[in-house]
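# Understanding the architecture of this molecule
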Amino acid sequence: MNLRNGLTGALALWVSFATCVFAADLPVSRLKYEMRQPWERGDTSFMRSWKIAGPISCELARDCLDIPGGEAVARANDDQRHTDGSPLNWRENHCWADACGLSADEAEREGTVAYATAIVERAAAGKALLSIGSTDGIRVWVNGKPVLARDGRRPLTLDEDQVEVDLVKGTNTLLLKAAATASFSVRVLETGTVVRRAAEIGPSIIDMQPEIFTVRTDVNALRAGVEPVKIDVLKPGGDVMFSATAKRGALVVVDAKGWPEGPYEIRASTSTARKLLYVTYLPWFKGNSLAMARALAVDAAKADPTEPSGFTLKMLADMVEDGLGVTLADAKHDAWPKIHSPLMEYAEILLERAGHTNARVRAGGFMRIAYRDEVDGTPQFARAFLPAGYDPARKWPLVLALHGYNPANPQYVRWWSVDSRHPNLDTEFAGHQQVIFIEPHGRGNTQYIGMGDNDIMRVVAEAKRLFNVDANRVYLTGESMGGAGTWNVATRHPDMFAAIAPVFGGLDYHSQLTEEQLAALTPVDRFIEERRSNWAMAEGLNNMPIYVHHGDADAAVNVEWSRWGVKLLQRWGYDVRYREYPGRGHETLQTSNSNPNATIPWFLEHVRDPDPTHVRLRTPELRNAKNYWVNVLQSASPLQFIDVDAEVMDRNLIRLDTRNVLDVTLTPGAALVDAAQPITVVWNGVAHELRLANGTLRLSDPAYHPGKVVKNASLPGGMNDFTATPFAVVIGTVAKDPEMAQLIRAKADGFIRAWREWQKYPPRVFEDTKITDADIANYSLLLFGGADANRVTAALSKSLPLRITKDTITIDGRAFEARDALVQMLYPNPRNVQRYLWVVAGNSPAGLSGAQVLPSNLLQFDYAIEDGHVQSYRQLVTRTQTAVVSGMFDYNWRYSGALAVPGDSAARAKAHRIRPPNRRATPDTAVLDRYVGRYRISNGPTVEVRRDGTKLMIKAGGDGGELLPQDDANFYLPAFNVWIAFQRDDSGKVTGLTSAGSGDFEATRED
């Protein structure tokens, strides 16, 4: 069974291989379902599909290829070579937006060029207009003939050059060459085509001397008669050092003699035909940027790394070195364009130190929000872009844009656009409206669940503290994983946002699993699948307008998934709008500079009602059981959804219908009730007459009998909730059995390593003999080792409902027979009931050996006992069915048979069982060599298998690990809890492999 929605990090990537067939399974074209598009004279879309070769160490002006006819006739052919004799390798590249990058690795870019080629099909021979933009110089050929050569510095402006070319009937080859650092844009238009301008103006610095530079206000003077361009040169903090107004295309000479050395920004502003403000920026630096970079490095080294000011400086120093591609000590050339952004930010931080209160929080300003997340004590950032007209005296709309999944999962300074000081966004929208635009980091690749969701809420809170935000005009959007994150965050906080716009993101198990798989789900597994759905809590969106975007050719996120979610909401009568983009894939969906541009005008039409009369709530999470004036404090069962349908029906009359609710508060405001009069609440058909106490009405079920410690919003239970709290790993060191001690250390190291790889920082780690009492009380504790192996577990064991023997594991008095088993149990920390204990222990080394406790694959139960069973290939079972038992404690943190889920004996009998280390097969190297090779997943990536000494290693999409032999043909991959079986034909030849456990897939051998 593919249980995938809640996975994060490397495990999500591995499981995605099993599900790639769903994304590729786009609707089959049938005449019955064909739809026409409005007629257009010609296609005005930018070309986004290219083949790229490079980088090549060569100059733009020189022929870099050793082929007959020269580089002009280069084709995407592996037989071609560089002038140094090495092969010219072409790779497919589909651009995210209208502007395409040449995709060279940063370390390979300096002094290199790259080629890009594409095919243009024409129904008839004739003239066409080639519309091109590029960063700096470019060379362009059509069918081997040169049509454009540009040199010199310039930023990318779409459509900057337009060249009339001759195209032949049928296939035409377009080839371009530019610096490997460059970006470019191309579209082929019919002659005489009038297109909407992609950029209002394209200013550039065309001449640069140490103290004088020249700005061209636009790409040319063709529109010199329309609104002029104002050029302002800003020093750090926003003060204007120079200002001039000139016609479009005119040259403006800026004399910077006497100015302080350091970074500057050139602001070019004008008006559009609709009289809306348009602003764009250029960087400039006076003096030696490396000297300032070294001062930043020294400052960062002295700063307090525990404070936001200190770790922000450290991050900026890292960003400088990453931009340079070498250490500062090795930097020889002043490459200021690569490091202008962090140096400008540093200069403004220095101004604030000196008492300048508005160095960053100003009109057109850039503010990097920084805070330390107490979950693991790590620095977290978000980029905030203030509008051109920002005035702290008035309230401003806030738009948050969530990023997508980044397969490289790099350090923060290497994430997309983290050094951009100005958003890829229109300056003004209809009615001269402007917005604060924020791009949170969301803790990286977290799916915006748990600590990722917490990050968004913290960023919103920080934005409201730093800026004057209109709480009734906060909007949320995101693309891909960010689109799914938009659903995840908005459904958990439906009273936060005025409107949302998910872009090609969101999925539900109904649109993924087959009818057979759906029918095989147990009630508990259906609940688990349902809670993972991006629409599991969508009932709470009844007061929120929603605008969903998706391309119908998306091969990464199936358009059927969005269609399913939209249909669900439409059936409920919710305010949902859906736009599907014909022919668009996983990319910017319009010919515009970003997806948010298509949504923000719609956002600004909507204002949140802070006092809605009708509120709905559906949630499996006590941590997120609030919507406007309804707050559920306790549920009867953690294995069922909480449902609330509440409405103010008349004057001081509230209907409150609930399911699985024991304790609830209502806080209706003055717009809904008269606080001076009694209020009648009809709860599930029974009238209660109440009066507000401190603005609150509280209702409790007579069957609710809370104990001293109960589950609550800050400690709701479920191991998957553990990493939403401040935590530490505690490694047991006192096991008498050396093998057990070694395994405990290995399992703890595995969690620590996975966390570091995922989050780029290690978690807090203590040995059990070295942790202080204060730290035991301060943190949720992940305890590796039972009472016989971990001193902290032993010290707290009298307060824990867990007993372990070699034959049984007892949970709060209920004994389960289990030999060679692993137990995981979550419970309140006896030293601090607002923190957890999570015990991971085995009743033998064999029981612990198969355990993989990874931050990317946390169970949703309070306890689980497993003894190494893993589902077989295409076995329609889940992890709960192959376990000995899984379950939740009740609201008083006590065992309840009704909340215990025993494994399925028939399913366990058919499943694989992982062998402990001392019972595993040890195939010789000749056997292992039979499996070495490349295996292709249908509609997916390639899996590589190699031998490293006596170990067999597997890798797919950058992730993998060691395959532990179970017999000659079957292996266990503990990093992802999957069983790999190699397939052979009748002759014994290895033909492929299958993967089962965290998602089934089959791969065919290629070599």
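Along each chain, residues carry numbers from 1 onward, in the same order as the chain's sequence is written. Totals for whole chains, interfaces and linings use every residue, but because this is a predicted model, local features are given only for residues with pLDDT of at least 70 and side-chain atom pairs only at 80 or more, for both listing and counting. With hydrogens and water excluded, all non-hydrogen atoms of the structure serve as input to the side-chain values.

What follows concerns the overall build of the chain. The helix and strand labels rest on DSSP assignments: H or I over at least four residues marks a helix, E over at least two residues marks a strand, and numbering proceeds from the N terminus. Along its length, the chain carries 18 helices and 55 strands. Atoms counted for the radius of gyration: C-alpha only. Globule rule: 2.2 Å times residue count to the power 0.38. Against the globule reference of 30 Å for 1007 residues, the chain gives a C-alpha radius of gyration of 31 Å, in line with a compact fold. Considered along the principal axes of its C-alpha atoms, the chain spans approximately 85 × 85 × 70 Å. Split into buried and exposed, the 1007 residues of the chain put 57% on the buried side. The buried label goes to any residue with under 20% of its type's maximum accessible area, the exposed label to any with over 50%, and the partly exposed label to all in between, with areas taken from a 1.4 Å probe on protein chains only.

Inspection of the secondary structure assignment puts Asn77 in the loop between strand E1 (49–57) and strand E2 (90–94). Judged by relative accessible area, Asn77 falls into the partly exposed class, the value being 34%. Remark: the alpha-carbon pair of Asn77 and Pro902, spanning 825 residues in sequence, is separated by 59 Å.

Turning our eyes to something else, we now look at the sheet that holds strand E33 (residues 686–690). Spatial ordering of the open sheet is given by E26-E29-E30-E32-E33, a layout of five strands whose pairing is mixed. At either end of the open sheet lies a strand with only one pairing partner, and these are strand E26 (614–619) and E33. Looking at each pair of strands side by side, their axes are set apart by 20 degrees on average, direction ignored. As paired strands, E26 and strand E29 (residues 642–650) are joined by six bridges and run antiparallel to one another. Looking at E29, one finds that His614 is bridged to Glu647. Strand pairing requires that DSSP identify at least two bridges connecting the strands. Here an axis means a line fitted to C-alpha atoms, over the contact stretch when the element is a helix, while the angle between two N-to-C directions is reported on a 0 to 180 degree scale.

What follows is about empty space enclosed by the protein. The method is simple in principle: a probe with the dimensions of a water molecule rolls over the atoms, and the space it marks as empty is what remains. In the cavity and pocket records, a cavity denotes points on a 1 Å grid over the protein atoms alone where a 1.4 Å probe fits but cannot get out, a pocket denotes an open set with protein on both sides within 12 Å along at least 5 of 7 lines, and lining residues are residues with an atom within 4 Å of a point. Grid points are joined across faces, edges and corners, and a volume is the space filled by probe spheres set on the points. As enumerated under the stated definition, the model contains six cavities of 30 Å³ or more in all. As for the largest cavity, its lining consists of 49 residues, of which Ile449, Arg531, Glu621, Asn720 and Asp721 are closest to the centre. The set of elements that each furnish at least two residues to the lining of the largest cavity consists of helix H6 (451–466), helix H7 (481–492) and helix H9 (523–532). Per-element accounting of the lining of the largest cavity gives the leading share, four residues, to H6. Its residues assigned to classes, the lining of the largest cavity comprises 17 nonpolar, 23 polar and nine charged. Under the scheme applied here, ten amino acids are nonpolar (Ala, Val, Leu, Ile, Met, Phe, Trp, Tyr, Cys and Pro), four are charged (Asp, Glu, Lys and Arg), and all others, including Gly, are polar.

Two elements in contact, helix H3 (residues 289–302) and helix H4 (residues 308–324), have axes whose closest approach is 8 Å; the angle formed by their N-to-C orientations is 140 degrees. Here H4 runs oblique to H3, going by the angle between their axes. The handedness of the crossing between H3 and H4 comes out as left-handed. Of the residues in H4, those touching H3 at Leu290, Ala293, Leu296, Ala297, Asp299 and Ala300 are Leu313, Lys314, Leu316, Ala317, Val320 and Leu324. Put simply, angles under 35 degrees are roughly parallel, angles over 145 are roughly antiparallel, angles from 65 to 115 are roughly perpendicular, and the rest are oblique. When the near helix sits turned anticlockwise from the far one by under a right angle, the crossing is termed left-handed; a clockwise turn instead gives a right-handed crossing. The contact definition used throughout considers only heavy atoms, calling two residues in contact when any of these lie within 4.5 Å.

Turning to the environment of Ser995, a few remarks are in order. Summarising the element assignment, Ser995 is placed in strand E54 (residues 990–996). Given the relative accessible area of 0%, Ser995 is considered buried. Remark: the alpha-carbon pair of Ser995 and Arg874, spanning 121 residues in sequence, is separated by 9.2 Å.

Okay, the pairing of strand E14 (residues 240–246) next. Relative to E14, strand E13 (residues 229–234) runs antiparallel, the two being bridged by six bridges. Residue pairing across strands places Ile231 opposite Ala244, the latter belonging to E14. Hairpin geometry of E13 and E14 is characterised by an intervening segment of five residues between the two adjacent antiparallel strands and by a positive phi of about 100 degrees at Gly237.

The next thing to look at is the packing of H4 against helix H5 (residues 336–353). Axis separation between H4 and H5 bottoms out at 8 Å; the angle between their running directions is 160 degrees. With respect to each other, H4 and H5 are oriented roughly antiparallel. For the pair H4 and H5, the crossing hand works out as left-handed. In contact with Thr312, Leu313, Leu316, Met319, Val320, Gly323 and Leu324 of H4, H5 contributes Lys338, Ile339, Pro342, Leu343, Glu345, Tyr346, Ile349 and Arg353. Each residue belonging to the contact of H4 with H5 can be placed in one class, and the counts come to ten nonpolar, two polar and three charged.

Turning to helix H11 (residues 596–603), a few remarks are in order. Counted residue by residue, H11 has six buried out of eight residues, so it is predominantly covered. Within H11 the residues assigned to the buried category are Pro596, Asn597, Thr599, Ile600, Trp602 and Phe603. Those residues of H11 hidden inside the fold are in contact with strand E20 (396–402), strand E21 (436–440), strand E22 (469–479), strand E23 (499–503), strand E24 (546–551) and strand E25 (576–581).

Next up on the list: unusual backbone geometry. A negative phi angle is the norm for most residues apart from glycine, just as the trans form is the norm for most peptide bonds. Here Gly54 and Pro55 are connected by a cis peptide whose omega angle stands at 5 degrees. Here Pro55 is to be found in strand E1. We note that Asn660 has phi near 65 degrees; this positive angle belongs to a residue other than glycine. Within the fold, Asn660 resides in the loop between strand E30 (653–659) and strand E31 (663–666). A residue is classified by how much of its surface remains accessible, and Asn660, at 10% relative accessible area, is buried. A positive phi angle, near 50 degrees, is found at Asp820, a position not held by glycine. Structurally, the position occupied by Asp820 is in the loop between strand E40 (814–817) and strand E41 (822–829).

Here the focus is the state of the cysteines. Two cysteines form a disulfide when their sulfur atoms are joined by a covalent bond. Two cysteine sulfurs form what is called a disulfide whenever their separation falls within 2.5 Å. Under the counting rule described, the total for this entry stands at two disulfides. For Cys58, the disulfide goes to Cys64, at an S-S distance of 2.0 Å. A torsion of -90 degrees about the S-S bond marks the disulfide between Cys58 and Cys64 as left-handed. Residue class for Cys58 comes out buried when judged on its relative accessible area of 7%.

Pairing within the open sheet is antiparallel, and its four strands lie in the order E14-E13-E16-E17. A strand with exactly one partner marks an edge of an open sheet, and here the two such strands are E14 and strand E17 (277–286). Going from strand to strand, the sheet's axes swing by 15 degrees on average, the running direction of each strand aside. The strands touched by H5 are E13, strand E16 (262–271) and E17; relative to E16, the strand with the most contacts, the crossing angle is about 95 degrees.

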